[in-house]
Amino acid sequence: MIRPGQVVALIVAGVALAGAGVWLVSRHDTQGQPQVQSQVLQLTPEQLNSVTRVRIFKGDGSHVTLKHDGTRWMVTERDYPADTGLVRKLLLNLASLKREEEKTADPALYIKLGVEDPVGAQATSTGLDVDLSTKTQRLIVGKTSGTESVYLRVAGEAQSLLASPQLTPDADPRHWLDHSLLDISPDQVSAIEIKVQGTPDYSIKRAATGGAADFVVAPIPKGRTLADPSAPAAQAGALAALQLDDVRKAGTATAAAQAVFQTRDGLTLTIAGIKDGELRYITVAASATAPAAQAQARDLNARLAGWQFELPGYRYDGLFKPIEQLLVPKKPASSRSSPLPAPKQSPVAPSAAPSALPIGPPNHAGDSH
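Owing to the predicted nature of the structure, the values given are computational and were not obtained by experimental measurement. Position numbers for residues start from 1 in each chain and track the written sequence from start to end. The predicted nature of this model means local features are confined to residues of pLDDT at least 70 and side-chain atom pairs, given and counted, to a pLDDT of 80 or more, with totals for whole chains, interfaces and linings taken over all residues. Side-chain numbers here rest on the full set of heavy atoms in the structure, without hydrogens or water.

(A) Spotlight on the overall build of the protein chain. Summing up its helical and strand segments, the protein chain has 7 helices and 19 strands in all. Buried, partly exposed and exposed residues are distinguished by accessible area as a fraction of the type maximum, computed with a 1.4 Å probe on protein chains only: under 20%, between the cut-offs, and over 50%, respectively. Here the protein chain holds 369 residues, and the buried ones make up 35% of them. Here a residue-residue contact requires only that any non-hydrogen atoms of the pair lie within 4.5 Å. The contacts of the protein chain with a sequence gap of at least 6 include a subset with a gap of at least 24, amounting to 63%. To qualify as a helix, a DSSP run of H or I must reach at least 4 residues; to qualify as a strand, a run of E must reach at least 2; elements of each kind are numbered from the N terminus.

Laid out in structure tokens, this is it:
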């Protein structure tokens, strides 16, 4: 006969065995799955060299296509080299993209996570296509979560996911351009000739003696002086770490300014400035006056010729400063003031009593000596 205490013990043991069974099944399933099953895309780091194209697009029509031409990544919409580091980082993040947890599979709730199909201007999601040699994989990337995760959905699947690392793919072609343009340090510059439309031409030359930052400005208008003696040295640094905002094919626009930089090793850079509404562009032409600079001039022309480069306004202005901006402002011309007419006095009748006005100091303006 089974005692009540034994019944309780059997029940407890049964529950424990059942729990152990569930734990074992869960553990078996987790361990039995290969690591690739936790990945969002069927893309491994070893396959990254097989990626031929990445396309990022939004429902409002904005898009960028990054294409590998066999030797380098290009931004197709600009036909200009891409920032290889940015592209590589995106591909590595895609290859390491892991599922953290499943989210909604209800299309009516996609918009809350930003994983709706990227169709129409109202869509907040971003589409991302990755082309390998034999297939295309598409993601729909939504809102970020915290600092490390992102909501997304594999195109064609109902299940949305929370995954990491965080992706923030930008559909603007400008974001992906190789932004490096020129990097000429001021200590390399020996002379600059500046022409700005509607203002006097002038030059900045390194002084024959003195420190590395000593430059001479000429011609300075008679009676004028430099507002800041260090300003010419700042002008010589206008090509240091110069980066572009955007690019376009060179056209026939008329230059509004020109700056010719000469370096100590014989490189000459002719920079033309172009104004297009609120935008500012430059073109760059390189030449060499010494054998040591010939290879550098050739490489620069191969990379920069035929293009107009959009610059931030402050960098453009730093290249093409009118000489007036370097000088102490003119004093306003003093104008001679004509004497004021004497105030009219009302005639006083002889019988009128004197007024009781306060008596001030005597006025000797009309006295003669």
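Moving on from the coordinates now.
(B) How the structure looks around unusual backbone geometry. Looking along the chain, the bond that leaves S164 and enters P165 is cis, with omega of 5°. Relative to the helices and strands, P165 resides in the loop between β9 (160-164) and α4 (173-176). Going from A218 to P219, the amide bond is cis rather than trans, its omega being -10°. Summarising the element assignment, P219 is placed in the loop between β13 (215-218) and α5 (231-236). The phi angle at D79 is positive, at roughly 55°, despite the residue not being glycine.

(C) Main features of the pairing of strand β16 (residues 257-263). Of all 7 residues making up β16, 5 are buried, and the element is well covered by its neighbours. Here the rule is simple: two strands pair whenever DSSP picks up at least two bridges between them. Pairing of β16 with strand β17 (residues 267-276) involves 6 bridges; the strand directions are antiparallel. Looking at the pairing, V260 lines up with T270 of β17. Adjacent in sequence and paired antiparallel, β16 and β17 are bridged by 3 residues, among which G266 carries a positive phi angle near 100°.

(D) View of the confidence of the model for the protein chain. Note: pLDDT gives the predictor's confidence per residue, expressed from 0 to 100. The predicted model of the protein chain has a mean per-residue pLDDT of 85, with 79% of residues at 70 or higher. Across residues 349-369 the pLDDT falls below 50, and counting only partners more than four positions away or on other chains, this stretch makes 0 contacts in the model.

(E) Spotlight on the nonpolar core. Counting residues in each nonpolar core, the largest one holds 75 residues, and the members touching the most others are L94, L139, L182, F261, L269 and I282. Counting residues per element, this core draws most heavily on helix α2 (residues 84-95), at 5 residues. Residues grouped as a nonpolar core are buried Ala, Val, Leu, Ile, Met, Phe, Trp, Tyr and Cys residues, joined through side-chain atoms within 4.5 Å. If you look at the next biggest cluster of nonpolar residues, it comprises 5 residues, including Y110, L113, V115 and Y151.

(F) Examining the pattern of salt bridges more closely. Salt bridges are counted wherever a side-chain nitrogen of Lys or Arg sits within 4 Å of a carboxyl oxygen of Asp or Glu. What the rule picks out here adds up to 10 salt bridges. The partner of K103 in a salt bridge is E101, and the shortest N-O contact between them spans 3.0 Å. E101 sits in the partly exposed class, given a relative accessible area of 39%.

(G) Highlighting the sheet that holds strand β7 (residues 136-145). Ordered in space as β4-β3-β2-β1-β6-β7-β8-β9-β5, the 9 strands form an open sheet in which the pairing is antiparallel. Strands with a single pairing partner mark the edges of an open sheet, and in this sheet they are β4 (80-81) and β5 (98-102). As judged from the 4 bridges shared by β5 and β9, these two strands associate in the antiparallel manner. Counterpart to K98 in the pairing with β9 is S164.

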